[in-house]
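So you can see what is in the structure, the chains are spelled out below.
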Amino acid sequence: MLASLGLILLCQLIGEAVVRGLGLPLPGPVLGLLLLLVLLLARDRFAMLAYGPLRNDGVETASKGLLAHLSLLFVPAAVGVVQKLDLLASHGIAIVLVLALSVVVTLLATVLTFRLVSRLLKQQDAR
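Residues numbered from 1 in each chain as written. Predicted model: local features only at pLDDT ≥ 70, side-chain atom pairs only at ≥ 80, totals over all residues. Heavy atoms only, no water.

Observations concerning the overall build of the protein chain
Thinking step 1. Within the protein chain, the regular secondary structure consists of 5 helices and 0 strands.
Thinking step 2. Over its C-alpha atoms the protein chain spans a radius of gyration of 22 Å, topping by over 25% the 14 Å that the globule rule assigns to 127 residues.
Thinking step 3. Judged by the C-alpha coordinates and their principal axes, the protein chain covers about 60 × 55 × 30 Å.
Thinking step 4. Across the 127 residues that make up the protein chain, the buried fraction comes to 13%.
Thinking step 5. For the protein chain, contacts bridging at least 24 residues in sequence account for 42% of all contacts bridging at least 6. (Helix = DSSP H or I, 4+ residues; strand = E, 2+ residues; numbered from the N terminus. Rg over C-alpha atoms; globule rule 2.2 N^0.38 Å. Buried < 20%, exposed > 50% of the residue type's maximum accessible area, 1.4 Å probe, protein only. Contact = heavy atoms within 4.5 Å.)

Printed below as a string of structure tokens:
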């Protein structure tokens, strides 16, 4: 389990290093997750790669363990919010307004995108 967790973190580290080194506009953990996906797909296709943490569903077990305790990862964020309660008290109304406005803008952008794609698909079907 420890080796599998190490593999997950190594993939994240490699993703971070590649993104920072090449200046890619992509979060490093996303690239690391893609790398892990490629490793797992290659493991399933080629039996010789099922070695170490990649054998016997080790990565899957470690991932399930992380997901089972995912709520613990939110504790530092909650502590940070509690430490900044004075900022929330002084700017709380502005924060709520910005959040509400961003929700409305996101919903409008989603609706407009859906309508545009739906029109484009209808035009393709008409041809």
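Observations concerning the layout of surface pockets
Thinking step 1. The computed volume of the largest pocket comes to approximately 380 Å³.
Thinking step 2. As for the largest pocket, its lining consists of 15 residues, of which I8, Q12, L33, L36 and L66 are closest to the centre.
Thinking step 3. Elements with a contribution of two residues or more to the lining of the largest pocket: α1 (2-22), α2 (28-45) and α3 (58-68).
Thinking step 4. With 6 residues, the top contributor of residues to the lining of the largest pocket is α2.
Thinking step 5. The residue makeup of the lining of the largest pocket, split by class, is 12 nonpolar, 3 polar and no charged. (1 Å grid on protein atoms, 1.4 Å probe; cavity = no way out; pocket = protein on both sides within 12 Å on 5 of 7 lines; lining within 4 Å. Points joined across faces, edges and corners; volume = space filled by probe spheres on them. Nonpolar A, V, L, I, M, F, W, Y, C, P; charged D, E, K, R; others polar.)

Points about the domain arrangement of the protein chain
Thinking step 1. For the protein chain, the domain assignment lists domain 1 (1-68) and domain 2 (73-127).
Thinking step 2. On a C-alpha basis, the centroid separation for the pair domain 1 and domain 2 is 30 Å. (Domains from an automatic or database assignment.)

Some thoughts on the pattern of salt bridges
Thinking step 1. Inspection of every chain in the model, using the stated rule, returns 2 salt bridges.
Thinking step 2. Between E16 and R20 there is a salt bridge, and its shortest N-O distance comes to 3.2 Å. Of this pair, E16 and R20 both sit in helix α1, 4 residues apart, roughly one helical turn.
Thinking step 3. The exposure class of E16 is partly exposed, given its relative accessible area of 24%.
Thinking step 4. The partner of E60 in a salt bridge is R43, and the shortest N-O contact between them spans 2.8 Å. Taken together, the residues span a long stretch of sequence, with E60 in helix α3 and R43 in helix α2 at a distance of 17 residues. (Salt bridge = Lys/Arg side-chain N within 4 Å of Asp/Glu carboxyl O.)

Quick word on α3
Thinking step 1. For α3, the set of buried residues is G58, V59 and A62. The buried residues of α3 all sit within an arc of 95 degrees when viewed along its axis, so they share a single face. Opposite the buried face of α3, at more than 90 degrees from it, the exposed residues are K64, L67 and A68.
Thinking step 2. On its buried side, α3 packs onto α1 and α2. (Arc of directions from axis to C-beta.)

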